[in-house]
Amino acid sequence: MFDFSIVTKWFHSLLTGVMPEWAAIGIECFIVLLFIILLYAILAIALIYGERKICAFFQCRIGPNRVGKWGLLQVFADVFKMLTKEIIKMRQSDRFLHDMAPYFMLLASFLTFACIPWNKGLAILDFNIGVFFFIAVSGIGIVGILLAGWSSRSKYPMIGAMRSGAQLVSYELSIGMTMLTVILLNGTMQFSEIVQQQADFGWNIIRGHVPAIIAFIIYLIAGNAECNRGPFDLPEAESELTAGYHTEYSGMHFGFFYLAEYLNLFICGAMAATIFLGGWAPIYFPGWEGFNHVMSLIPGFIWFFAKAFFVVFLLMWIRWTFPRLRIDQLLSLEWKYLMPISMLNILLMALVVCFGLTL
Amino acid sequence: MEERNYIQGILHASKTLLVGLKTSIKIFFEHHETEQYPENRDTLIFSDRNRFCLEMPHNEKNQYKCIACGLCQMACPNDSIHITSEMVETEDGKKKKQLVKYEYNLGQCMFCNLCVTACPHDAIQFNQEFENAVFDKKKLILTLNHPGSTLAEKPRPVVTPKPLETLKTAE
Amino acid sequence: MTLEITTIAPAELHAEMLRLKEERKMDYLRNLIGMDWGEEGLGVIYMLESSETGETANLKTLTADRENPCIPTVSDIWDIANIYEREVFDYFGIKFLNNPDMRRLFLREDWVGYPLRKDDKPEQENPLRMDDEPLADTTTEYFLREDGTLASRQHTIFAPEDYVVNVGPQHPSTHGVLHMRVKLDGETVRKIEPVLGYIHRGIEKISESLTYPQMLAMTDRLDYLSAMQNRHAMCMCIEKAMELEVTPRIQYIRTIMDELQRIASHLIYYACMTMDTGALTAFFYTFREREMLCKIFEDNFGGRLIMNYNTIGGVQYDILPDFARQVKEFCQALRKRFHEYQDIYTTNIIAQQRMIGVGTLSLDEVISRGVTGPSGRASGWHNDVRKRHPYALYDQVEFNEIIRTEGDTNARHWNRMDEILESLHIVEQLIDNIPEGEYQVKRKPIIKLPEGDFYQAVESSRGEFGVFIESKGDKSPYRVHFRSNGLPLVGAMDAACRDQKFADLIAIGASMDFVIPDIDR
């Protein structure tokens, strides 16, 4: 497997050869920033287009097919439309917080986005408490939603925001629990290390067998809820709250919420790929040497994206199949089912690891 | 719903959810129902019972059949037909009503077909032209008789219409 | 066949009504129709029916006082009377004594005059108002003091400290321009106050100036998802008054059309129900099959939604030769697809959780509130007009009245699902046996009904739809009243939704399946 750190190290030494260290790091930071924003935009476009097409296919429709070939330019047209729209200022709303709320959402998704290990040796933020950091920064998004609902001074957003507060805080627990299960298995909180172990010893979902599969399913459910996507899209629940917490937003401010939603979806899928499906590690079958060799020729980031988008497709499939839960059912699902099960699951995983029952 | 314990509940729930997922993925690979208008304009076939817009058929000599009797105007529940007529004297000295302008307000029409059934001479009918959108409401007021058109000569002598008796039974 | 109506003095009305309810079990108030008899005065016609014995009784009461017409309320006897009396108050200005809620129902609160009175000139004092519509938080109750003078007291609907959310008039889930003011306590609904009239067109008033054939064009536009059945009711009512017999062929066609229309309506119901509970994919499943039905409608009657098909003494066109084949194909296709609807939505655990035990209405409640149709039958009330007062061919075909007793959203949902199958069953019995014959009975071109009162009800897709005509022997009716099937459904929303969650409000509303133009008329 190609180690991307060779490229980064070479680039770093190239820069330090002609300039002082601080300037080199500054330039590198700038390049990383460009890279992350560019990737963010590309992924958002791909995901929005993908969602619209996939949703349409589930619904016996064709989906966007007017703007560009197969409707490929639809998202650009949408963004352009959103940019030209007026950002509405409401009387009596808390303007400062109201304008700030979408940026909280963006901040949260950018920071979590930075944790993802794209390839071997290619991760933006990679340190020994990566998982902890990931869970911490993903919580910032809740602030954005709460602020959006609160500052709009309108009843629908308010109800949506309060719902999301209850929902996201609850489901953070399950996410934490499932990640803890994986940490038990891998013994590290560093994402690159987790993936490296999977490349060496097999994907977590296979290596950890029963408890890992349970954790994976719980992660999918909780992750879906974290992204505010159906069947857990209660904060926006368009059938009762019209658009939930972002009812009063227009133009690009709404666009930021929209972007963040799709990026959160991708991050959810990418994280599932990283901690359960082996991240950039290719698929290996012991004994099939030729097959394994061909697999290892495929670059790691392609493996990573394939896995991430596979999970994203699963999430879309779930979203476009199920009806929405009610707020009390949502909370009882978390507190009566997911929480106890994932706690037991940690115990199970601990036993599995302790007695060396991993595959 | 029968009572289930905790584990049974989870299993039952998972089963129903999987059935749902199976159904939706089956549809995912099925034929899409979308009709692609306007690409399919040529293949759009409407039965001749569709009522989209009222028209007054003219023959190749630019002649219509309307005798301006006003029955359709009376039958219309929405006042969307307005007939202007004048009295002219024919060659044999009889006075005769003649159509000047047949105005039809498409924007007000309820497409109830009462005017067509009221017409004793089959002078008006609904056509199957459905692309009637315009930018100005005034353009929806259509004049149905073509410019310069005249009343078609009947093969048999025209009897002075007695509207109520000739009215067709079919409403 | 005019209605037999007993006249009764206002003073004795309340006691007599109570007697009818208690002794003759007249527990279903079918209609409460305001009337303006000119010189004789203003009055009300009550149509009652017993849900047990099927007996009917019609009463009327009138008062000559046009300045301050007062009639005692019956809203303490039947819950539905409250909303009906508000309608009469709105149109005729009759004050119902001791009705706790005497506000206008459809018109703006600052409307001047009472438009259905024969001497009212609504245009004169009601210009197009560009200001916001006032919505009072209080309501008036009129009562007689002991010395016989009229007095009023105020009741509070919403206190200033209540958290009131406006659901509608523009809201994705009210299926049109319904406006509900909802008092919330957190996520829990404490009170619902429907504000109606956003699509009020005054069809009853308009009809008074139209001839009978012209009136028909209006019925399709009431409950547009039951267009066929509504017009069927109107035609039957007029035919009944004219004593016109239609041929078996017409009866067959009309019955088949009614049932196809019912299927189409229930398919849309399913779509809306799933959409309102967030399952957007299932929405398209029934639309796919409904498209086949629309195609049949379009080919045969020239309309997909508003068909204008039934006419007085017949139907507009004969069915096409291909009709039977098309319908059979549709029936097969729908039966094949039917399990998909249940698989993706109805049996789904989330949907079950959303529906079971939610929005329960008891049998007494549905009867007292006049909730007919599948919604009423979900609470165990045998109210199918097709069985109660058979018309067309319903006494000859074999079908079951779908009854459930739970009274919750799930029961209402399943009732509609089963009715689709039952309607298919009816259609399949009839489709191969359509007899030859005229599709339009010969009749005089100008229709004048004999003097009298006529009423005809049909089972529309969502309950009893009735047409009441009072004729004075002219070309136009003296008074037309439609028994809306949606108005009682909206009236029952408050009872069904109290102490449920806010999201349930939407699900319950969807399961009630009201169509707004039919409520507002």
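Please read all numbers here as calculations on a predicted model, not as lab measurements. (Residues numbered from 1 in each chain as written. Chains lettered and ligands numbered in written order. Predicted model: local features only at pLDDT ≥ 70, side-chain atom pairs only at ≥ 80, totals over all residues.)

Peer 1: Could you clarify how one ought to interpret the overall build of chain C in this entry?
Peer 2: From N to C terminus, chain C includes 17 helices and 16 strands. Expected size for 521 residues packed as a compact globule is a radius of gyration near 24 Å; at 23 Å, chain C falls within 12% of this value. The principal-axis extents of the C-alpha atoms in chain C amount to approximately 70 × 60 × 50 Å. Relative to its 521 residues, chain C shows a buried fraction of 52%. In chain C, the share of contacts with a sequence separation of at least 24, taken over all contacts with a separation of at least 6, comes to 66%. (Helix = DSSP H or I, 4+ residues; strand = E, 2+ residues; numbered from the N terminus. Rg over C-alpha atoms; globule rule 2.2 N^0.38 Å. Buried ≥ 20, exposed ≤ 12 C-beta atoms within 10 Å, placed from the backbone. Contact = placed C-beta atoms within 7 Å.)

Peer 1: Got a minute to help me understand the environment of A:I25 in this structure?
Peer 2: Residue and element names in this part refer to chain A. Considering the arrangement of structural elements, one finds I25 in helix α2 (residues 21–58). You can call I25 partly exposed: it has 14 C-beta atoms within 10 Å. Spatially, the C-alpha atom of I25 lies 25 Å from that of I42, the residues being 17 residues apart in sequence.

Peer 1: Explain the nonpolar core here, please?
Peer 2: Most often, soluble globular proteins have nonpolar side chains that are buried together. Counting residues in hydrophobic clusters, the biggest one holds 263 residues, and the most contacted among them are A:F266, A:A272, B:C115 and C:C237. Here the element with the most residues in this core is helix α12 (residues 251–275) of chain A; it accounts for 16 residues. Structurally, this core is a two-domain feature, drawing no fewer than three residues from each of domain 1 (6–120 + 139–155) and domain 2 (204–358 + 384–395 + 406–480) of chain C. Ignoring any residue separated from it by four or fewer positions in sequence, one finds C:C237 in contact with C:F454, C:Y455, C:Q456, C:V467 and C:I469. (Core = buried A, V, L, I, M, F, W, Y, C linked by C-beta atoms within 7 Å. Domains from an automatic or database assignment.)

Peer 1: Would you explain the domain arrangement of chain C in this entry?
Peer 2: Often the size quoted for an interface is simply the accessible area lost on bringing the parts together. Residues and elements named next belong to chain C. For chain C, the assigned domains are domain 1 (6–120 + 139–155) and domain 2 (204–358 + 384–395 + 406–480). One C-alpha centre belongs to domain 1, the other to domain 2, and the line joining them spans 31 Å. In this assembly, eight residues from domain 1 lie in contact with seven residues from domain 2. At four residues, the largest contribution of residues to the side of domain 1 that touches domain 2 is made by strand β2 (residues 28–36).

Peer 1: In this structure, what is going on with helix α6 (residues 227–242) of chain C? I would like to understand it.
Peer 2: Helical geometry note: an α-helix holds 3.6 residues per turn, so side chains three or four residues apart project in the same direction. All names here are of chain C. With 16 residues, α6 extends 23 Å from end C-alpha to end C-alpha; this agrees with the ideal 22 Å at 1.5 Å per step. Most of α6 is tucked away: 14 of the 16 residues are buried. Remark: E243 follows α6 within two positions and exhibits a positive phi of approximately 55 degrees. (Expected span 1.5 Å × (residues − 1).)

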